[in-house]
Amino acid sequence: MMESGMESENVFDIKITISRATNMHGKKVGNIQSFLRMEINGMMLAESEKRTVDPAAQYIEYDFTHSFPCCNAVLALSDIPHKPVVVTLIEVVPEKKKVEAKSIVLAQAVIDLLPLLQGQCSFSCTVTLHATNAAPEKGSVPPLIAKHPILDVCVSASAPLLTEEQLATSNLMKVSLETAYSLPDTFNQSFGPTAPPYICTAIMEVPYTAEKDQLLLFSEGQLKAGGHREDNGRQRKRPHHAPLAPGNHFLPGAFFHTQPIDQEDGELTGLEDREFRNEAETLLNRVSWDTEMTCFLNAEGVTRLRQKITESRFWPLEIMKSTIANEKSGPASKQAEEDPHIPCHGVAFIDMGRLLYPGVTHIRGAYSIQPYSSTLLLNKTRRNVSLLKEQLKPGGNKERSGTATATSSVKTNTGKAKDTKAHVKATGNQSGVGSVTDLNGADHIPPDRKAYIDFRTYVMIEITLTNALIPKTSSEELARRVRALIPPRPPSSGGPNKAERAVLNFHKQVGNVVKHILEQYEELFGTRLKLPNDCNREQMMAQLMGALNVSGRYFAFKEQIKPAVVRFVRDKMQQTDTFTEQQDLHEFVSKLYVDLVDEMHVALNKIYSNGNEDDSPEEIHLSTSHLSHFAREAQLIGDYQQAVRYYQELVVRHPRDPSYKFEWGNLYMQTGDYMKAKMCFHDAVAVQQSHQPSLMMCGVLAALFNDFEQAETFLERATSIEPLSLIAWTLLGLVQDTQNKSILAERAFLEAKSLLKAKEASNQTQKTEESDVDEESEKQKGQEEDKTIPPTSHSPNMKHSDTENGDTVQSEPKEKGISKSIYTETLEFLLHNYALEMAERALSKELSSKGNHNFHLACVQLLRAEYCNAIVTLREALLGVEQVADMWALDGHCHYLCGSFAEAQGSYERSLDFPEQPLDTHLVLLRLGSIYLQERKLDELWIAEEALTEANHLNNQNAEVWAYLALICLRFDRQEEATLFYKYAIRFNLENTALHKEVKELQDQAQTRPLASCFEPDS
C-alpha cells in the first residue's frame, strides 16, 4: 500500500484517529498503563503514547492519530480490501527489581478500510478488541458484551481514492467459499486420534486489470464431522488468519444465509438431487472454509472480466488436500519441484455466465468437483495450466507466508499464451502421477481423484459484485424508448368522436326532415290520425309527395341532408378515396344505402319513443361483442373484406381501445400484408403504450424485418409490464438466440420457465382447493341421500352411474393432451397471430426438448398449406397423447381443405363429441353443414340444418349460413322460409357465386313446379 517513488498527485494520505478505549481491564488489579500499536501487512506504522487509567473510569483517552500515504494505482487499491489495519493493545506491567517494565499483549482490533473504496472520504466506527489468547468460538464471533473493550475510530482520506467516474466504472468482487460436501473416503480417513491433521486448499484466478490476473487462495479448509447442518447465519471469515486474534477471524456484519435449492444458480438443483443433498449436508463429513475474499477491479478489469466470461463462461476452482506436515516439510526433489504431486486434485467449474445477465450481481450454488485433468480443463476453460501446480513450484507464490494467504499473487496476461505452450510441451515428458497423458490426449486419472465422481462431491461457492456487469434497463427507460419509436396518441378531448358526431348529425337532420314533413301533412290532412274516407294510404302518400315537390321542400330536404351524408361517409365509413372500379362503387353505394336506412330507423325510433333519447353508439348497430365475434368468424372462413368492415366499425366505435386494432393487425398477418399489420400494431401501441400483445407483435415484426434492436426494445418493454408474460420473455429469448446472444437468450428462457412454474403451482393449488370443495359438497350430498333413501334400495342403475362418474374423475387428470412448456404457450400465441417464421423458431426449440409436439407441428404445416403432411403428423399426435377436441377439429380442417370430405366429416363429428368443444366451434359447424349439404341425404340434411342453425345462433349476420339454410328449406319444399333466408343472405352481401347460383336454380325449380303440374295430363 505504501510505495516509494510515487508521484505526489497520485498519493493520498489516509489518517486514522483512535480517540478512546472503553471497558479497559488489565492483567493486575490497579491502574492500567497501556499503549496502542498500529500495523498493516505485518509492518508497524506507529505506536501511541503510554496512557494510564483508573479502573473505576474504565476508559482511556488515547487521542492517537497517524497518517500514511496510499497510491491510487490499482495494485495499491487492490490491497485495501484484504489488508486491514491491525491495532494491538499492549499493557505495560512494571516488574519488581527490574529497570525495564514488561509488555503484555492484551487484545487486538481490526480496522477495515473498505468504505474508502466505496466512495466515502471519511467514516467513524467502533471496533472490538479481542483477546489474543482466546479460543475462537464455533461458527461465529463471540457476541459483544458490555465488558469487551472497544475502540472509537475515525478514518479519513485527504481526497477521494476514486473519482465519481472511477467509482461508477470500477467494481468490487466478493468470492465466498463455503463448504465441500460428500467427501471421498480419502478425506474421511483423516478423522481419528491417530490421523495426521489435514487441510484443504482451493485456488481461483480472476482479473483485476486489463493485463493482470490475481489468484485467490483459500488455504484453511478444515475437516468437520457430519451429523448436523451448517448453521444458518454463521459469520464469514477473513482470508488472513495467522496474524490475527481468534475473534478477529470473522468479518463484522457479514453472514451466510441459506436459500432454497431451487433458487440456487449452480448444479444439483433438480428434484432428483434433493434427497442426496439433504443427506450430504446433514449426515456426512465436510470441509469448511466459510471465507470471503474481496477483489478490486478497475474499469479495464471489469471490461476484461466481461470479455473472459464471454469467451469461456466456466471458470476453474482447483482443490487439493494436504497434511500440515507436508506444508511445513523441507525442500523437495528436482522432479517434484518441476511436477509437484497434488493429492486429491479436483476441479469445480463455476458457471460465471449468469453474471452477464442484465442486472445480476450475485450467483451462489453447488458445483460438482471432478477429477483434475488437463484435457478436461482445456475443453471447459480453454486453458490447461494447473494453478495449484504453478503455486507449488518454487517461486510460484512469493507472497505465501504461514498457512493463510488471500490475493496471493499477480500474473501478467501478456505472457500467459507463452507459458501455456511451454507447459503443454513440458507435460509430454512428465511421468508423475499428477498428469500422465496418453497418445489419444486423455489424462490418466489417479484413484484419489476418481473418488470425486464416485462420491458426487460438490462445493458451495458464492460470488457477488457491487455493480452489475450488464446494467439492467429500467422500465422507465424502456418506456421512453418505445415512446421514441411510437409516439403516444394524445387522448381525445371527451364527448363523442368524429364518427359518433357524424351519426348524431345525421339523426338530427332526419329529425328536421320529419318535422317539415309533418308540417306539410298537417297542411293537407289536418291533425287527425284516421285516414279520410275518400282516399287510401297510397293516395295520401302520392298527394303528400306531390305537395312536397310543388312547395320545393323535397329539394330543400335533399340539399339539407347532403352534408350530413357526406360527413357520414367520411367520418363513419372512413371512405375518402375515389372509386376506380364501377363494381366497387356499386357495392359501396349499396352498403351506404343499408347503413343510412338503419340509421334513419334508429333516428325515427328516438323521435317516437316519448323523448327517451340515448345516443350511445352501442345502439347504432350490433353490440361490440357481436361485431368482434363476427369479424373473427369472417376471418376464419376467408371473407377478409367483410372482416375488415367489422374491424373498421369496432375501431370507429372504440378509438381508444387497442385490442380491436390488435385484432385488425391479426387479420393482416393472416393475409400476409405485414406492412398493414405493422401499422395496426403500432396504432395500438400509440393508443396504449403498455398494451402487451401489440408490443410483442411489434417485436415479432421488427425481427421479421431484421431490425433486431427495435425488436428487443419492444419485447423488453413487454417483459417489464405487469402481469409478467412468459410469452414476452420467450419471444425475447428467441430473438436474442437468433443473434447468437446465447447468455442473454438463456436468461430470457429461464425467466419464462420460472413464470411457467409459478403459474403451474398456482393452478395446482386452485385445483386442490376446488377438489376439496367438491369432496365436501359430495359428502354432504351423500349424507342427505342417506337420510332420504332407505338402506336397502341400491339399484344397479345407481351403481352404474357411480362407476361412470368414477371413470370421469379418473380421466380428468389426463386432460393435458397437449404438453405445456414456454415454447408451446408461445407457439399458441404466434399461431393465433399467424407469425409463421417466429413460430417455426419456437417449434425448433420445442422439438429439441422432450414431449409430444406433433399438434403444434401440424398447426404450422396447416399454415404452410402442407395439408397432407399435417394429416400424417396429426395421426401421430392422436396416437401419442390423450385426444382432445382441438386435435380432431384440426384434423377435420386438414381433410376439408384437401377435399376429403368424408374423413373431414368424421373428424368434425368426433370433435363435437367431447365435453369441451373446440375453440373454433362455429367454423366446424359451418363446414360440417356444408358437407351434409353436399351429401344430399335426407337424414343428413336434418343434421345439417341443426348444425347450421347452431352456427346461425353464434353469428346471425353470416351470408353463407343464411344461404345454406335457404338451400335446406328448398330441399324440404319450405319455400317461404327459403325466400326469407335468401333475402338475409343477399342483405349480408353473399359473395359465394357458386352458392348464390345454386340457390337461384333451386328457387326457379320451385317456382316452375306448380306451373308444370298444370300441363300434366289427367290420370
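Some remarks on the overall build of the protein
- Looking only at helices and strands, the protein features 36 helices and 23 strands.
- The proportion of buried residues among the 1019 residues of the protein is 45%.
- Of the contacts made within the protein by residues no fewer than 6 positions apart, 71% connect residues no fewer than 24 positions apart.
- By element, 52% of the accessible surface of the protein is carried by carbon and sulfur atoms, the whole surface being about 52,800 Å².

A closer look at the pairing of strand β13 (residues 212–224)
- A large share of β13 lies buried, amounting to 10 of its 13 residues.
- Of the strand pairs in this sheet, strand β12 (residues 198–207) and β13 are connected by eight bridges, and their pairing is antiparallel. In the sheet register, Met 204 faces β13, and the bridge partner there is Leu 216.
- Adjacent in sequence and paired antiparallel, β12 and β13 are bridged by four residues.
- Across three bridges, β13 lies against strand β16 (residues 286–297) in antiparallel orientation. Counterpart to Lys 224 in the pairing with β16 is Arg 286.

What to know about the environment of Ala 603
- Tracing the backbone through its elements, the reader meets Ala 603 in helix α16 (residues 582–607).
- Between the C-alpha atoms of Ala 603 and His 507, which are 96 residues apart in sequence, the distance is 5.1 Å.
- Excluding its chain neighbours within four sequence positions, the residues that come into contact with Ala 603 are His 507 and Val 510.

Overview of the packing of helix α21 (residues 692–704) against helix α23 (residues 726–738)
- Where α21 contacts α23, the two axes come as close as 11 Å, and the packing angle between them is 15°. Judged by the inter-axis angle, α21 sits roughly parallel to α23. In this structure, the crossing between α21 and α23 has a hand that is left-handed. Only Ile 727, Ala 728, Leu 731 and Val 735 of α23 make contact with α21, whose side of the interface consists of Met 696, Val 700 and Ala 703.
- Classifying every residue of the contact of α21 with α23 by side-chain character gives seven nonpolar, no polar and no charged.

Topic: the side chain of Arg 234
- Tracing the chain through its elements places Arg 234 in the loop between β13 and β14 (235–237).
- Here the side chain of Arg 234 touches Asp 231 through a polar contact of 3.0 Å, landing on its backbone oxygen.
- A distance of 2.9 Å separates the side chain of Arg 234 from the side chain of Asp 290, its partner in a polar contact.

So, the packing of helix α17 (residues 624–636) against helix α18 (residues 640–653)
- At a minimum axis distance of 8 Å, the contact between α17 and α18 shows a crossing angle of 155°. The angle between the axes of α17 and α18 places the two elements in the roughly antiparallel class. The two elements α17 and α18 cross, and the hand of that crossing is left-handed. Facing Thr 624, Leu 627, Ser 628, Phe 630, Ala 631, Arg 632, Ala 634 and Gln 635 of α17, the residues of α18 in contact are Tyr 640, Gln 642, Ala 643, Tyr 646, Tyr 647, Glu 649, Leu 650 and Arg 653.
- Taken together, the residues of the contact of α17 with α18 sort by class into nine nonpolar, four polar and three charged.

Regarding the state of the cysteines
- A full pass over the atoms with the stated rule returns zero disulfides.
- Not engaged in a disulfide, the cysteine Cys 859 finds its nearest cysteine sulfur in Cys 894; these two sulfurs lie 8.3 Å apart.

Observations regarding the packing of aromatic side chains
- Within this structure, the stated rule accounts for 11 aromatic pairs.
- Ring geometry for Phe 579 against Phe 588: centres 5.2 Å apart, planes inclined by 40°, an arrangement best described as tilted.
- When its relative accessible area of 28% is taken as the criterion, Phe 579 is described as partly exposed.
- Every member of this aromatic cluster is reached through a ring pair, and the members are Tyr 181, Phe 276 and Tyr 458.

Considering the pattern of salt bridges
- Tallying each qualifying case throughout the model produces 44 salt bridges.
- Among the ionic pairs, Asp 273 bridges to Arg 456, the shortest N-O distance being 3.0 Å. One end of the pair, Asp 273, is in the loop between β15 (250–255) and α4 (274–282); the other, Arg 456, is in the loop between α11 (447–455) and β23 (458–465), with 183 residues separating them in the sequence.
- Linking Glu 840 and Arg 864 is a salt bridge whose minimum nitrogen-to-oxygen distance equals 2.9 Å.

Details of the pairing of strand β1 (residues 11–22)
- Alignment of β1 against strand β5 (residues 59–71), held across 11 bridges, turns out to be antiparallel. Note on β5: the bridge partner recorded for Thr 22 is Tyr 59.
- Where β1 lies against strand β10 (residues 150–157), eight bridges are found, and the strand directions are antiparallel. When the bridges of β10 are listed, Ile 16 appears paired with Val 155.

Observations concerning the sheet that holds β1
- Strand order in the open sheet formed by four strands is β5-β1-β10-β8, and the pairing between neighbours is antiparallel. Each edge of the open sheet is held by one strand with a lone partner, namely β5 and β8 (122–128). Across this sheet, the average inter-strand angle for adjacent strands is 20°, counted without regard to direction.
- One ladder, built from seven bridges, connects β8 with β10; its direction is antiparallel. Looking across to β10, one finds that Cys 125 is bridged to Val 153.

Re helix α20 (residues 674–687)
- Taking 1.5 Å per residue, 14 residues should reach 20 Å; α20 reaches 20 Å between its end C-alpha atoms and fits that length.
- For α20, the secondary structure elements touched by its buried residues are α12 (475–485), α19 (658–671), α21 and α22 (708–719).

Points about unusual backbone geometry
- Here the amide bond leading from Glu 722 into Pro 723 is cis, since omega sits at -5°, within 30 degrees of zero.
- Positive phi, close to 50°, is recorded for Asp 290, a residue that is not glycine.
- With respect to the helices and strands, Asp 290 occurs in strand β16.
- Although it is not a glycine, Ala 865 sits at a positive phi angle of roughly 70°.
- Counting through the fold element by element, Ala 865 comes out in the loop between α28 (854–863) and α29 (867–880).
- For Ala 865, a relative accessible area of 43% gives the class partly exposed.

Notes on a nonpolar patch on the surface
- A surface patch of nonpolar side chains, about 290 Å² in accessible area, is lined by Leu 518, Ile 607 and Tyr 608.
- In this structure, Tyr 608 sits in the loop between α16 and α17.
- Of the residues examined, Tyr 608 reaches a relative accessible area of 55% and is grouped as exposed.

Notes on the nonpolar core
- In terms of nonpolar packing, the biggest core is built from 87 residues, with Ile 16 and Met 352 touching the most fellow members.
- Per-element tally for this core: the top contributor is β16, with six residues.
- Listed in part, the 78 residues of the second largest apolar core include Phe 662, Tyr 668, Phe 749 and Ala 842.

Quick look at α22
- The terminal C-alpha atoms of α22, which comprises 12 residues, lie 16 Å apart, in line with the 16 Å expected from a rise of 1.5 Å per residue.
- For α22, the buried fraction is high: 10 of the 12 residues fall into the buried class.
- Here α22 has its buried residues at Phe 708, Ala 711, Glu 712, Thr 713, Phe 714, Leu 715, Glu 716, Arg 717, Ala 718 and Thr 719.
- Taken together, the buried residues of α22 touch α12, α20, α21 and α23.

Notes on the confidence of the model for the protein
- Residues at a pLDDT of 70 or more form 79% of the protein, whose mean pLDDT is 80.
- Across residues 2–9, confidence stays below pLDDT 50; counting only partners more than four residues off in sequence or on other chains, it has seven contacts.
- Low pLDDT (under 50) marks residues 610–621, which in the prediction has 20 contacts with non-local residues, meaning those over four places away or in another chain.

Some details on the environment of Val 565
- The residue Val 565 is located in helix α15 (residues 553–572) in this model.
- Val 565 sits 31 residues away from Leu 596 along the chain, and the two C-alpha atoms are 8.3 Å apart.

Criteria and thresholds
- Along each chain, the written sequence defines residue order, and numbers are assigned to residues from 1.
- For this predicted model, a pLDDT threshold of at least 70 governs which residues receive local features, and a threshold of 80 or more governs which side-chain atom pairs are given and counted, while totals over whole chains, interfaces and linings are taken from all residues.
- As a convention, hydrogens and water are excluded, and side-chain values are obtained from all of the structure's heavy atoms.
- Helix and strand labels come from DSSP, where a helix needs a run of H or I of at least four residues and a strand needs a run of E of at least two; each type is numbered from the N terminus.
- Relative accessibility under 20% of the residue-type maximum defines a buried residue, over 50% an exposed one, and the middle range a partly exposed one, all with a 1.4 Å probe and only protein chains included.
- By definition in these notes, contact holds between two residues if any of their heavy atoms fall within 4.5 Å.
- Note that accessible areas follow from Shrake-Rupley with a 1.4 Å probe, and for residues the cover is restricted to the protein chains shown.
- Strand pairing follows a simple DSSP-based rule, namely that at least 2 bridges must link the two strands.
- Lines fitted to C-alpha atoms define the axes here, with helix axes fitted over just the stretch in contact, and angles between the N-to-C directions of these axes take values from 0 to 180 degrees.
- Every angle not falling under 35 degrees, over 145, or within 65 to 115 is termed oblique; those three ranges are roughly parallel, roughly antiparallel and roughly perpendicular.
- By the definition used in this description, the sense in which the near helix is turned from the far one sets the handedness, with an anticlockwise turn below a right angle giving left-handed and a clockwise turn giving right-handed.
- Under the grouping applied here, Gly and all other residues not named as nonpolar or charged are polar, the nonpolar ones being Ala, Val, Leu, Ile, Met, Phe, Trp, Tyr, Cys and Pro and the charged ones Asp, Glu, Lys and Arg.
- Distance and chemistry together define a polar contact, namely a pair of N or O atoms within 3.5 Å, with one atom able to donate a hydrogen and the other to accept it when in protein, and with adjacent residues in sequence counting only for side-chain atoms on both sides.
- The term disulfide is used for any two cysteine sulfur atoms that are within 2.5 Å.
- Ring geometry is summarised as follows: Phe, Tyr and Trp rings, the Trp one being its six-membered ring, pair when their centres sit within 6.5 Å, and such pairs are stacked at plane angles under 30 degrees, edge-to-face over 60 and tilted between the two.
- For salt bridges, the criterion is a side-chain nitrogen of Lys or Arg within 4 Å of an Asp or Glu carboxyl oxygen.
- A helix is expected to reach a length of 1.5 Å times the quantity of its residues less one.
- What goes into a patch is any residue over 30% in relative accessible area without a salt bridge, connected to like charges within 9 Å or, for nonpolar side chains (Val, Leu, Ile, Met, Phe, Trp, Tyr), within 5 Å.
- Grouping buried Ala, Val, Leu, Ile, Met, Phe, Trp, Tyr and Cys residues that are joined through side-chain atoms within 4.5 Å yields what is termed a nonpolar core.
- One confidence number per residue, pLDDT, is output by the predictor and ranges from 0 to 100.

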